[in-house]
Amino acid sequence: MKETLYYEVEERDVQTTYNVKEDFIMRNDLAMSLGDLLGEEYVNAVAAAAVSLLGVEEEKAESAKTEKVEFFPESYVEKLDSMIDRIGQIVTVPFTGKMEGAPTQAFAKAANHDASPISGFGYYRVGQDGKLYVIAKSEHYHTPLGHFFPGYKLIDNARTLGISNATHNNTRGYITRLCEQELVRIANGLGKDQKQELEDILKSDKPHVLNRVINLETGSLACEAGIKMMLARFYKLDKTFPAPKYSGRIPVFFVMGDYEGGRMANYHGTTVIAQTFRDMWPEFYKKNEENDIYKVVPVAINDLEDFRKKYEMYNQGKYKAAGFTHEIILMNYGGIRLEEDYLRAVYKICHEGDTPIMCDEIQSCMWYDGMFLFRQYGLNPDFSVVGKGFPGGQYPASRIITTAEMDNLNQFGALVTNGQEELASLSYLITMAFVEQNGSAVSETGRYYEARVKTLKDKFPEVIDYVEGEQMLSAITFKNVDDTVTFVKKMTGRYFDISAQVYKAFCPPAALLKLPLIATHKLIDCLIWHMEAALHEMEEGK
């Protein structure tokens, strides 16, 4: 399939029509049945149970297990692109009912009921005002395939077959167990046909080989699990445990520091200890530090010598480097990208010093070819934390993937009652199947968007300082906070959902975007067109 593309603003005037410049070949389609995705033996068993236990007609059960669902049909793409001219227009009857809910003050202050969803389709959201919005942040990073992605119809078919979502931690279902192995396979860069290599990895007890999965619900809990496994090398989980390897020494965590030497550049969730990593709960943290419970040391962004110096300082005597926790794209600090050479050198230092590394990919997972950005960097972390993108917004479902060496908690050390949900695992498998099939298209689209958004700096040097991020994860950094806020207001006024990151002290004032992977060149060009128009208005107003 081909689509006509590329918009430009003629002489930088605001226009309402676009000029076609080039063509783009659409990414591969994929059609699968539940049997294709989960295996015939399993779906035959659940279909038989649906007939005998639930009274589902045999013909209906057969259809549910064998229907080939098109994940991204041509008609779906055509409809998405045909609606671009309707962005910001009323596309359905507005919902005018009043319902404030019972929010906290913070949630009430941030609420925008007009844009609250009554429906969605692909990279669009329909607000309560009946208007069409573009989800230019993928609903805060957890809908890589947009709303109502056709491939998720397999979840409906699973429900028809009576596949139960809820189960217990001791009765992890077949789909969840399959999902665990698929995560290990992809995290280790294996193809579907490399079955023996996968078996060898699953049995491995070598360092830095990711082959253990804990199923949780949120990224915060997954990060907390990694922090607890690092702490378990210093403190007993409970009194039945033997003395840990580094008992008696003070655990020191290294985190990404901000430009003022503080700890504000990192983000690893909302549990208490993780929040102390970024200068929250200052009195609580101070008492822990004063009593030698643990210490958090910020390291300068992309500064290897700073890391080396601090690591040597806090990996001797009474101190022991307990862990290095990092994201690759700092989407909570100006979208800054950590450099490959920096991370590889830091990993070498940590591995040689017996310091585990947690690569937090909650933000970046699924937005790149291979699904794990750490693989493109050639890294070998001891923990990989994923969520958001993998279940595609269908379920809250995070995972932490770790090694045999770091498998040091008992079952109750890190679990949640709902962590083993079967349909949540199925949503993982659907998303993974589509992105694995279309990895090259994911990269192509991401590179296209990145190249286009980076042109804005040269076109509007008076207001834009630089553009950060990588591929679809991007941050447009402005000269000052006021310009950032003005730009975001103009873009949200044009019905593109983006946000301003200006709430952190000393943080680069940036506008954040993260388009869904299914974004076409036509949508990307439309977005850039509107950005240029908004920036042109800002320049005229100066």
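Residues numbered from 1 in each chain as written. Predicted model: local features only at pLDDT ≥ 70, side-chain atom pairs only at ≥ 80, totals over all residues. Heavy atoms only, no water.

(A) Quick look at the overall build of the chain. The helix and strand tally for the chain stands at 19 helices and 20 strands. Viewed in the frame of its principal axes, the chain has a C-alpha envelope of about 70 × 70 × 45 Å. Within the span of the chain, comprising 542 residues, buried residues form 56% of the whole. Counting contacts in the chain only where the partners sit at least 6 residues apart, residues at least 24 apart contribute 73% of the total. With 59 positive and 77 negative side-chain charges, the chain shows a separation of 5 Å between the mean positions of the two kinds. (Helix = DSSP H or I, 4+ residues; strand = E, 2+ residues; numbered from the N terminus. Buried < 20%, exposed > 50% of the residue type's maximum accessible area, 1.4 Å probe, protein only. Contact = heavy atoms within 4.5 Å. Lys, Arg positive; Asp, Glu negative; His and termini not counted. Charge placed at Lys NZ, Arg CZ, Asp CG, Glu CD.)

(B) Representation of helix 17 (residues 439–459) in the model. The first and last C-alpha atoms of helix 17 sit 31 Å apart over 21 residues, in line with the 30 Å expected at 1.5 Å per residue. Taken together, the buried positions of helix 17 are occupied by Gly-439, Ala-441, Val-442, Ser-443, Thr-445, Gly-446, Tyr-448, Tyr-449, Glu-450, Arg-452, Val-453 and Leu-456. (Expected span 1.5 Å × (residues − 1).)

(C) How the structure looks around the domain arrangement of the chain. Assigned domains of the chain: these are domain 1 (34–67), domain 2 (174–420) and domain 3 (441–541). Spacing between the C-alpha centres of domain 2 and domain 3 amounts to 30 Å. Tallying the contact residues gives 21 residues for domain 2 and 24 residues for domain 3. Here domain 2 and domain 3 share an interface that buries about 1900 Å² over both sides, 58% of which is from carbon and sulfur atoms. Between domain 2 and domain 3 we count 1 salt bridge in total. Ionic pairing is found between Arg-337 and Glu-470, a salt bridge with its closest N-O pair at 3.8 Å. Joining domain 2 to domain 3, the criterion identifies 6 residue pairs in polar contact (both at pLDDT 80 or more). Per-element tally for the side of domain 2 that touches domain 3: the top contributor is helix 15 (residues 373–377), with 3 residues. (Domains from an automatic or database assignment. Buried area = accessible area lost by both parts, 1.4 Å probe. Salt bridge = Lys/Arg side-chain N within 4 Å of Asp/Glu carboxyl O. Polar contact = N/O pair within 3.5 Å; in protein donor to acceptor, adjacent residues only side chain to side chain.)

(D) Spatial organisation of the pattern of salt bridges. What the rule picks out here adds up to 28 salt bridges. One salt bridge in this structure joins Glu-436 and Arg-185, with 2.9 Å as the shortest N-O distance. Remark: Arg-185 occurs in helix 8 (residues 174–187) and Glu-436 occurs in helix 16 (residues 422–437); sequence separation between them is 251 residues. For Glu-436, a relative accessible area of 29% translates into the label partly exposed. Residue Arg-185 is classed as buried on the basis of its relative accessible area of 2%. Here the residues in one salt-bridge network are Arg-125, Glu-139 and Asp-497, joined through shared partners.

(E) Focus on the sheet that holds strand 16 (residues 398–402). Read from one edge of the open sheet, 7 strands run 8-16-15-14-11-9-10, paired in mixed fashion. Looking at strand neighbours, the two that pair on one side only are strand 8 (212–216) and strand 10 (295–299), the edges of this open sheet. Here the average twist between neighbouring strands, direction ignored, is 20 degrees. The pairing of strand 8 with strand 16 spans 5 bridges and is classified as antiparallel. Bridging across to strand 16, Arg-212 finds its partner in Thr-402. Taken strand by strand, helix 8 contacts strand 8 and strand 16, and its axis lies near 125 degrees from that of strand 8. Sitting on the sheet, helix 14 (residues 340–352) touches strand 9 (250–256), strand 10, strand 11 (319–326) and strand 14 (357–360), and the angle it makes with strand 11 is about 150 degrees. (Pairing = 2+ DSSP bridges. Axes fitted to C-alpha atoms, helices over the stretch in contact; angles between N-to-C directions.)

(F) Examining the packing of helix 8 against helix 9 (residues 195–203) more closely. Contact geometry for helix 8 and helix 9: axes closest at 10 Å, N-to-C directions at 100 degrees. Classed by the angle they form, the pair helix 8 and helix 9 counts as roughly perpendicular. Residues Gln-181, Val-184 and Arg-185 of helix 8 lie in contact with helix 9, whose contacting residues are Leu-198, Ile-201 and Leu-202. (Parallel < 35°, antiparallel > 145°, perpendicular 65-115°, else oblique.)

(G) Structural detail: helix 13 (residues 304–313). What helix 13 keeps buried is the set Asp-306, Phe-307 and Tyr-311. Around the axis of helix 13, the buried residues are gathered within 125 degrees of arc, so they sit on the same side. Those residues of helix 13 that are exposed and angled more than 90 degrees off the buried face are Glu-305, Lys-309 and Glu-312. At its buried positions, helix 13 is contacted by strand 9, strand 10, strand 11 and helix 14. (Arc of directions from axis to C-beta.)

(H) Spotlight on the sheet that holds strand 6 (residues 124–127). One open sheet accounts for 3 strands, arranged 5-6-7; its pairing is antiparallel. The open sheet has two free edges, formed respectively by strand 5 (117–121) and strand 7 (132–134), since each of these has just one partner strand. Sheet twist, expressed as the average angle between the axes of neighbouring strands with direction ignored, equals 30 degrees. Sheet topology places strand 6 next to strand 7; 3 bridges connect them, and they run antiparallel. Within strand 7, the position partnered with Val-126 by the bridge is Leu-132.

(I) Quick look at the packing of aromatic side chains. Counted by the stated rule, this structure contains 24 aromatic pairs. Ring geometry for Phe-254 and Phe-307: centres 5.6 Å apart, planes at 50 degrees, overall tilted. Residue Phe-254 is found in strand 9, and its partner Phe-307 is found in helix 13; the two are separated by 53 residues along the sequence. Phe-254 sits in the buried class, given a relative accessible area of 0%. Taking the centre distance of 5.1 Å and the plane angle of 80 degrees together, the rings of Tyr-314 and Tyr-319 count as edge-to-face. Each member of the pair Tyr-314 and Tyr-319 is classed as buried. Here the basic side chain of Arg-399 rests over the ring of Tyr-428, its NZ or CZ set 4.6 Å away from the ring centre. Positioned above the aromatic ring of Trp-367, the side-chain terminus of Lys-514 is 3.9 Å from the ring centre. (Phe/Tyr/Trp six-rings, centres within 6.5 Å; stacked < 30°, edge-to-face > 60°. Lys NZ or Arg CZ within 6 Å of the ring centre and 35° of its normal.)

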